[in-house]
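Coordinates in review
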Amino acid sequence: MSQQLTITADGKPCYDILLRNDWAELAERVLAVSGGRRERKICIVSDSNVSPFYIREVREALISAFTTVTTFEFPAGEASKTLKNVERLYTVLIESHFDRTDLLIALGGGVVGDLTGYTAATYLRGIDFVQVPTTLLSQVDSSIGGKTGVDFSNYKNMVGAFHMPSLVYMNLTTLKTLPDRQFASGMGEVIKHGLISDRFYFDFLMTNAESVLSQEPSAIERTVHTSCEIKGAVVEEDPTEKGIRAHLNFGHTIGHAIEKLSDFILFHGECVAIGSVAASYLSMHKGLISAEDLSAIEEAFRAYKLPVRVPDYLRELFTAEDVLAATKNDKKMIGSHIKFILLKEVGKAYIETGLTDEEILQGIQYVLS
């Protein structure tokens, strides 16, 4: 399997997304984006979940092309996506004499990619980095588009920068080592892509759940490739989220609030699923989609083992009013209004800034019921 997408910026090629089934081309491709300079120092950044599986073979692949390849590892989990770990990485880079010509490799999921990208964006006012996403969530979402950042004082992604990678290299066989729940979390973003942009893709996901979940090669390849196409097209049109890129936040406003209030017990994609159901309910409440559409959306998330309501064991931790208050701390606020993404129809999203608190509470209460 060998597929490639090219992301453009201002009409010019910016970086390639490669879909492969091994590491065979990694060194060659990284060397190519390095201008053939073998003397460039490389630091592979990974976490305690991914490192035991892949850091050794990725390092060995890169050593064949570069003279200096070091590694940096931090504990896995959202709790590690902090400025403190960015500072630790800064220290390693400084002590290893990394300069502006050197390069970081983000080997892992979204936390690794976000933290590595933010470090690359800010170290010496910006150095190159390569995304090597190993989870479904990072392959279809966070590795594409140049959004980087860390959490601050329990506020998700509050500190960040737009910094495009030089390359995105996906080895789809890494998905085989994902726990089922992690794979399902990635499907939360995948289903979202169909809901906001492509009804035919949503229908494909509905009718091929068994093949996708079992990772049949053709099904998983089509899933990752199509989601990359959808996100790539959106970020090309709106690289810094001034307009249509906000559509990618469908399900995220309420989802992020629940994620925070549950102290990240729920995975990101699980919260996106719940938030997407809430947003779909509000779309139905406004007469934009039908009750049958809402049922189909819930069925799609359930087919991929994702929650469509806040689990019982979390409902004692917060109220609908708590979730609403948390949405007001979201970076997507425009003045006193929340920039909310709703569906005009399945496969077509739009930005809604006129929702009242009472309307938003109805959506929240629906997923708390």
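Our subject is the structure listed above.
The sections below set out a description of the structure shown in this document. (Residues numbered from 1 in each chain as written. Predicted model: local features only at pLDDT ≥ 70, side-chain atom pairs only at ≥ 80, totals over all residues. Heavy atoms only, no water.)

**Describing the overall build of the chain**
What counts, and what does not: Starting at the N terminus, helices and strands are each numbered in turn, a helix being any DSSP run of H or I of at least four residues and a strand any DSSP run of E of at least two. Only protein chains enter the area calculation, which uses a 1.4 Å probe; residues under 20% of their type maximum are buried, those over 50% are exposed, and those in between are partly exposed. Contacts are assigned to residue pairs with any non-hydrogen atoms lying within 4.5 Å of each other.
Looking only at helices and strands, the chain features 14 helices and 13 strands. Dimensions of the chain along its principal axes, counting C-alpha atoms only, are 60 × 40 × 40 Å. Within the chain, buried positions represent 57% of all 369 residues. For the chain, long-range pairs separated by at least 24 residues make up 74% of all intrachain contacts whose partners lie at least 6 apart in sequence.

**A word on unusual backbone geometry**
Within the chain, L124 stands out as a residue other than glycine whose phi angle is a positive 55°. Residue placement: L124 occurs in the loop between α4 (110–122) and β6 (128–133). A positive phi angle is found at Q215, which is not glycine, with a value near 55°. Structurally, Q215 is set in the loop between α8 (209–213) and α9 (217–237).

**A word on the sheet that holds strand β5 (residues 103–108)**
Put simply, the test is: When DSSP finds at least two bridges between two strands, those strands are taken to pair. Interaxial angle, 0 to 180 degrees, is taken between N-to-C directions of lines fitted to C-alpha atoms, where a helix line uses only the stretch in contact.
Across the sheet, 7 strands lie side by side as β1-β2-β9-β6-β5-β3-β4; this open sheet has mixed pairing. The open sheet has two free edges, formed respectively by β1 (3–9) and β4 (68–74), since each of these has just one partner strand. The mean angle between the axes of side-by-side strands here comes to 20°, regardless of whether they run parallel or antiparallel. Relative to strand β2 (residues 12–20), β1 runs antiparallel, the two sharing 7 bridges. Along β2, the bridge assignment pairs T6 with D16. Docked against the sheet, helix α2 (residues 51–63) engages β3 (41–47), β4 and β5, running at close to 170° with respect to β3. Lying over the sheet, α4 contacts β3, β4, β5 and β6, oriented at roughly 170° with respect to β5.

**Some remarks on the nonpolar core**
How we decide: Only buried residues count toward a nonpolar core, which is a set of Ala, Val, Leu, Ile, Met, Phe, Trp, Tyr and Cys residues joined through side-chain atoms within 4.5 Å.
Formed by 78 residues in total, the largest nonpolar core has its most connected members in I17, M187, I191, V224 and I258. In terms of residue count, helix α11 (residues 268–285) provides more of this core than any other element does, 8 residues in total. Formed by 23 residues, the second largest nonpolar core is a distinct cluster that contains L18, A65, F66 and V132.

**Things to note about helix α7 (residues 199–207)**
To keep things clear, this is the line we draw: Working definition: the arc comes from the directions between the helix axis and the C-beta atoms, pointing outward to the latter. Distance and chemistry together define a polar contact, namely a pair of N or O atoms within 3.5 Å, with one atom able to donate a hydrogen and the other to accept it when in protein, and with adjacent residues in sequence counting only for side-chain atoms on both sides.
Of all the positions in α7, only Y201, F202, F204 and L205 are classed as buried. The buried residues of α7 occupy one face: seen down the axis, they fall within an arc of 155°. Of the exposed residues in α7, those oriented more than 90 degrees away from the buried face are F200 and T207. Elements in contact with the buried residues of α7: α6 (180–197), α8, α9 and α12 (291–303). Regarding α7, its N-cap is D198, as a side-chain oxygen of that residue lies 3.0 Å from the backbone nitrogen of F200 further along.

**Side note on the pattern of salt bridges**
What counts is decided by this rule: Salt-bridge detection follows one rule: a side-chain nitrogen of Lys or Arg within 4 Å of a carboxyl oxygen of Asp or Glu.
Under the defined criterion, the tally for this structure stands at 20 salt bridges. Among the salt bridges present, the one from E25 reaches R20, with a minimum N-O distance of 2.9 Å. A residue is classified by how much of its surface remains accessible, and R20, at 4% relative accessible area, is buried. Where E298 meets R309, a salt bridge forms, and the shortest distance between an N and an O atom there is 3.4 Å.

**Things to note about a nonpolar patch on the surface**
Put simply, the rule is: Patch membership requires more than 30% relative accessible area and the absence of a salt bridge. Residues of like charge join within 9 Å; the nonpolar side chains Val, Leu, Ile, Met, Phe, Trp and Tyr join within 5 Å. All accessible areas in this document rest on Shrake-Rupley with a 1.4 Å probe, and a residue is counted as covered only by the protein chains that are shown.
The grouping of I265, Y313 and L317 at the surface amounts to a nonpolar patch, some 320 Å² of accessible area in total. Relative to the helices and strands, I265 is located in the loop between α10 (252–261) and α11. Residue I265 is classed as partly exposed on the basis of its relative accessible area of 41%.

**Topic: the packing of α6 against α9**
How we decide: Throughout this description, any angle smaller than 35 degrees is read as roughly parallel, any larger than 145 degrees as roughly antiparallel, any in the 65 to 115 degree range as roughly perpendicular, and the remainder as oblique. Crossings are sorted by hand: turned counterclockwise from the far helix by less than a right angle, the near helix makes the crossing left-handed, and turned clockwise it makes it right-handed. Residues are grouped as follows: Ala, Val, Leu, Ile, Met, Phe, Trp, Tyr, Cys and Pro are nonpolar; Asp, Glu, Lys and Arg are charged; all remaining types, including Gly, are polar.
At a minimum axis distance of 10 Å, the contact between α6 and α9 shows a crossing angle of 55°. One way to sum up the angle between α6 and α9 is to call them oblique. In terms of crossing hand, the pair formed by α6 and α9 is left-handed. Two secondary-structure elements touch here, α6 through F183, V190, H193 and S197 and α9 through I220, T223, S227, I230 and K231. Of the residues that constitute the contact of α6 with α9, the class distribution is 4 nonpolar, 4 polar and 1 charged.

**Topic: the environment of G354**
Structurally, the position occupied by G354 is in the loop between β13 (348–352) and α14 (357–368). A relative accessible area of 46% places G354 in the partly exposed class. On a C-alpha basis, the gap between G354 and T327 in space is 15 Å, while along the polypeptide they are 27 residues apart.

**Concerning the packing of aromatic side chains**
Spelled out, the test is: Only Phe, Tyr and Trp rings are paired, with Trp represented by its six-membered ring, and only when their centres lie within 6.5 Å; those with planes under 30 degrees apart are stacked, over 60 edge-to-face, the remainder tilted. We call a charge positioned above a ring when the Lys NZ or Arg CZ atom is no farther than 6 Å from the ring centre and deviates by at most 35 degrees from the ring normal.
With the rule as written, the count across this model stands at 7 aromatic pairs. An aromatic cluster is defined as three or more aromatic residues linked by ring pairs; in this entry it consists of W23, F53, Y54 and Y169. Above the plane of the ring of F98 lies K41, whose end atom (NZ or CZ) is 5.8 Å from the centre. Over the aromatic face of F267 sits the side chain of R181, whose NZ or CZ is 3.8 Å from the ring centroid.

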